[in-house]
Amino acid sequence: MISSPPDDNGVNSTVSESQVLKSKDIGDLPGIGPATAKKLQDSGFGTLESLATVSIGELVAVGNLGEATSRKIIQAARDALDFGFTTAEEVLERRRNMLKITTGSASLDDLFGGGIETGSMTELYGEYRTGKTQLAHQLCITAQLPREMGGLNTDDKNPIKVVYIDTEGTFRPERILDMSKRWEGDLDIKQVLKNIMHGRAYNSDHQMVLTEKIAKDSQTEKIGLLIVDSLISHFRAEYVGRGTLASRQQKLNQHIHTLLKVAEVGNLSVIVTNQVHSKPDMFFGDPTAPVGGNIVAHASHTRVYLRKSKGERRIARIADSPLLPENETVFAITGDGITDVG
Ligand SMILES: Nc1ncnc2c1ncn2[C@@H]1O[C@H](COP(=O)(O)OP(=O)(O)OP(=O)(O)O)[C@@H](O)[C@H]1O
Ligand SMILES: [Mg+2]
């Protein structure tokens, strides 16, 4: 695995390095002539990382190549990148490239160990009106703050982009404008909306196509944050009944796999929102659980449970994290956006 230079350890840095390597090496890989290299690039496999992490089935389907060729290409990319085990020290070094996006609330940032991580997927789940969409809107702004203020930006001439995949039609740019007033002076407010790409997904297939497009674009564009609000609603609505559960979970699995790859390969932050379903037969604990079953549960690196409290107050709890303790904290949804409780 290639590690990034210490002076530019930012978003997409692994990718830009791999692109340097690619321009020297991708055509030299055994089994890849210029025509195949072009075909791969056109179908979104522009970097050695993207080839080394794809499954054979996916390369056959998306890259329109034979199975034997696909197998050979994947193996060659893995060999070229020395894909295999690394020492824990190297893993730690790579994690140092990870950045954190401030939520705009000090108590929430504390809960998240400094902010929302890049290079991984965070799931915000909870009942309706608990603030999932509001927090997602606010992160569209804070991700654009300069690095030293808790954002991802290092270069105003080539700013960080945010992508919002909106499955429920609840994206409101005017709300983002309202919220961004808090950072007047730190941000060029007129630019904030220009750096947010909004994709309205009308069904689960459309949602998957949009995500695959981002997987491709994130290899060349400086995308720092990808939001999917919400992850499962289309899948849930389209696949009704027990008999369809297996095919639903299969498609969902494929979708989540793409999201995880986008996060890890591009070192960007992926945030998905999720609803909860009631479990009326449950006697102990919280009678609600996020939908999507084990597939979503195992894929999300950090799961955050949001619930209502009095008035504008909300409670966020770390429900599952490989790193953070299971704490909770209170925040507020106000006219200004997500804030600490005043
Ligand atoms: N301009 C505003 N000023 C104050 N509070 C607001 C404002 N806009 C929205 N809210 C509050 O945010 C809450 C809605 O949160 P949000 O839309 O994030 O819910 P959600 O968790 O995404 O719900 P759903 O599951 O229905 O999508 C409501 O309680 C609403 O009062
Ligand atoms: Mg919502």
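One numbering rule holds for all chains: residues counted from 1, following each sequence as written. Each chain is given a letter, starting from A, and each ligand a number, starting from 1, according to the order in which they appear as written. Reporting of local features is limited, given that this is a predicted model, to residues whose pLDDT is at least 70; pairs of side-chain atoms are given and counted only at 80 or more, and all residues count toward the totals for whole chains, interfaces and linings.

This part covers the confidence of the model for the protein. On average, the protein scores 86 in pLDDT, and the residues at 70 or more come to 88%. Contacts of residues 13-24 to residues separated by more than four positions or lying in other chains number 25 contacts, the stretch itself having pLDDT below 50. Here pLDDT means the predictor's own confidence in every residue, given as a number from 0 to 100. Here, residue contact means that the backbone-derived C-beta atoms of the two residues sit within 7 Å.

Further remarks concern the pairing of strand 3 (residues 121-126). Buried residues dominate strand 3, accounting for 6 of its 6 residues. Exposure classification rests on a simple neighbour count of other C-beta atoms within 10 Å of a residue's own: a residue reaching 20 or more is buried, one at 12 or fewer is exposed, and one in between is partly exposed. C-beta atoms are placed from the backbone. Numbering of helices and strands runs from the N terminus, with a helix taken as a DSSP run of H or I at least four residues long and a strand as a DSSP run of E at least two residues long. The two faces of strand 3 match: Met121, Glu123 and Tyr125 on one face and Thr122, Leu124 and Gly126 on the other face are all buried. Strand pairing is defined by DSSP finding a minimum of two bridges between the two strands. With 5 bridges joining them, strand 3 and strand 7 (residues 269-274) adopt parallel strand pairing. Across the sheet, the residue bridging to methionine 121 is valine 270, located in strand 7. Relative to strand 10 (residues 302-308), strand 3 runs parallel, the two being bridged by 5 bridges. Its bridge partner being in strand 10, tyrosine 125 is matched across the sheet by tyrosine 305.

For the rest of this paragraph, the subject is the site of ligand 1. Near ligand 1 there are 13 residues, and of these Tyr128, Arg129, Lys132, Thr133 and Gln134 occur at the shortest range. Elements represented by at least two residues in the shell around ligand 1 include exactly helix 8 (132-142) and strand 12 (328-334). Taken together, the residues that form the shell around ligand 1 break down as 2 nonpolar, 9 polar and 2 charged. Near, for a residue, is defined by distance from a backbone-placed C-beta atom to a molecule or strand, with 6 Å as the limit that must not be exceeded. Note that Gly is not counted as nonpolar here; it falls among the polar residues with everything else outside the nonpolar set of Ala, Val, Leu, Ile, Met, Phe, Trp, Tyr, Cys and Pro and the charged set of Asp, Glu, Lys and Arg.

Now for the packing of helix 8 against helix 9 (residues 173-180). As a packed pair, helix 8 and helix 9 sit with axes 9 Å apart at the nearest point and diverge in direction by 60°. What the angle tells us is that helix 8 and helix 9 run oblique. Handedness of the crossing formed by helix 8 with helix 9: right-handed. Between helix 8 and helix 9, the contacting residues are His137, Gln138, Cys140 and Ile141 on the first element and Arg175, Ile176, Met179 and Ser180 on the second. Grouping the constituent residues of the contact of helix 8 with helix 9 by class yields 4 nonpolar, 3 polar and 1 charged. As a rule, the C-alpha atoms of each element are fitted with a line to give its axis, helices using only the stretch in contact, and angles between N-to-C directions run from 0 to 180 degrees. By definition in this entry, angles of less than 35 degrees are roughly parallel, angles greater than 145 are roughly antiparallel, angles of 65 to 115 are roughly perpendicular, and the rest are oblique. Whether a crossing is left-handed or right-handed is set by the direction in which the near helix is turned from the far one by less than a right angle, anticlockwise for left-handed and clockwise for right-handed.

Glancing now at the pairing of strand 6 (residues 223-229). The buried fraction of strand 6 is high, at 7 of 7 residues. Relative to strand 6, strand 4 (residues 161-166) runs parallel, the two being bridged by 6 bridges. Among the inter-strand pairings, lysine 161 is bridged to a residue of strand 6, identified as isoleucine 223. Bridging between strand 6 and strand 7 involves 4 bridges; their strand directions are parallel. The residue bridging valine 228 from the neighbouring strand is valine 272, located in strand 7.

All right, on to the sheet that holds strand 3 then. Two strands in a sheet stick together by hydrogen bonds in their backbones, pointing the same way (parallel) or opposite ways (antiparallel). Spatially, the 9 strands line up as an open sheet ordered 5-4-6-7-3-10-11-12-13, and their pairing is mixed. Whereas interior strands pair on both sides, the edge strands pair on one side only; in this sheet they are strand 5 (196-200) and strand 13 (337-339). Mean inter-strand twist for the sheet, computed between neighbouring axes without regard to direction, equals 25°. Examined bridge by bridge, strand 4 and strand 5 share 5 bridges and lie parallel to one another.

This brings us to the packing of helix 11 (residues 204-217) against helix 13 (residues 245-266). One way to put it is that helix 11 packs onto helix 13 with a least axis distance of 10 Å and a crossing angle of 20°. It follows from the interaxial angle that helix 11 and helix 13 lie roughly parallel. The interaxial crossing formed by helix 11 with helix 13 has left-handed handedness. Contacts from Ser204, Met208, Thr211, Glu212, Ile214 and Ala215 of helix 11 reach helix 13 at Lys251, His255, Thr258, Leu259, Lys261 and Val262. Residues that form the contact of helix 11 with helix 13 fall into these classes: 5 nonpolar, 4 polar and 3 charged.

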